[in-house]
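Take a look at the letters that make up each chain.
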Amino acid sequence: MTMPVQGIKPEIAPPTLWICEHCDTVYHRRELACGEVARCARCDAILARHHSIGVRGMSAMVLTAMIAFVQANIWPIVTLGLNGQMISTTLWGCIVMMWRENAQVVAVIVACTLFFFPIGKMLLLGWVLLFARRGRRAPGFRLAMVTLYRIGPWTMSEVFVLGTLVAIVKASMYFDVIPNAGIFGYGVLTLIITAFSSIDMRRLWDLTEERPA
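Bear in mind that the values here come from a model prediction, so they are computed numbers and not experimental data. (Residues numbered from 1 in each chain as written. Predicted model: local features only at pLDDT ≥ 70, side-chain atom pairs only at ≥ 80, totals over all residues. Heavy atoms only, no water.)

A. Seen up close, a nonpolar patch on the surface. Residues Leu80, Leu82, Met173, Tyr174 and Phe175 make up a contiguous nonpolar surface patch of roughly 520 Å² in combined accessible area. Within the fold, leucine 80 resides in strand E6 (residues 78-82). (Patch = residues over 30% accessible without salt bridge, like charges linked within 9 Å, V, L, I, M, F, W, Y side chains within 5 Å. Areas by Shrake-Rupley, 256 points an atom, 1.4 Å probe, with all protein chains shown as cover. Salt bridge = Lys/Arg side-chain N within 4 Å of Asp/Glu carboxyl O. Helix = DSSP H or I, 4+ residues; strand = E, 2+ residues; numbered from the N terminus.)

B. Looking closely at the packing of aromatic side chains. With the rule as written, the count across this model stands at five aromatic pairs. Measuring from centroid to centroid gives 5.2 Å for tryptophan 92 and phenylalanine 115, while their planes differ by 75°, and the two rings are edge-to-face. On the criterion of sequence distance, the pair formed by tryptophan 92 in helix H2 (residues 91-100) and phenylalanine 115 in helix H3 (residues 104-132) is long-range, its members being 23 residues apart. The residue whose ring lies beneath arginine 134 is phenylalanine 131, and the NZ or CZ to ring-centre distance is 5.2 Å. (Phe/Tyr/Trp six-rings, centres within 6.5 Å; stacked < 30°, edge-to-face > 60°. Lys NZ or Arg CZ within 6 Å of the ring centre and 35° of its normal.)

C. Focus on the nonpolar core. Formed by 39 residues in total, the largest nonpolar core has its most connected members in Met58, Leu91, Tyr186, Phe196, Met201 and Leu204. Elements with a contribution of two residues or more to this core: helix H1 (55-74), H2, H3, helix H4 (141-151), helix H5 (157-171) and helix H6 (181-197). Sort the elements by how many residues they give to this core and H3 lands first, with ten residues. Not counting the four nearest positions on each side in its chain, leucine 91 is found in contact with Asn73, Ile77, Val110, Leu114, Phe160 and Tyr186. (Core = buried A, V, L, I, M, F, W, Y, C linked by side-chain atoms within 4.5 Å. Buried < 20%, exposed > 50% of the residue type's maximum accessible area, 1.4 Å probe, protein only. Contact = heavy atoms within 4.5 Å.)

Function-wise, these values are silent; they only describe arrangement.
See the structure below:
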């Protein structure tokens, strides 16, 4: 671990420095070896990780996530059967049902966290990575990066998948429950989101440069 730089707390770290997000300690930046993790000597927070996935790899992951997202929203999530009658619905079918049952607040939260925020995040990532593949910063790069940071905690597909699995197990005591392709699509999306969460998107500031249009 490199020693902290005393008395330096700029608003934006230059390319040669790391700033701990938790205690504001500043360190000299260096290249990390494969599997190496840089931690803060003061609070033990993670400063950076070595990543073998480049811009092209991240672009492929975003494209895969988009395909899984489309499939998850097209196909029904689960089918319930009782006395020979089968009922299935998609995510938006559930949202519409909640809206009609006077649960508008819950419907809006579900629509935002499971549809609008995830698709917005994927579109922003795709836009930024499209230009990053050529070493350039996309138009609106700064705003896009700030927005990605803000909406990151609100994409709750993994919470939805876990909650659905629990509901399927409990509902199977009273109904015939058949998981459909939609829930598997969300499962794949959850795996991709988990993989993406280990990638420090701040690297794009170093991998790209501002160029005149």
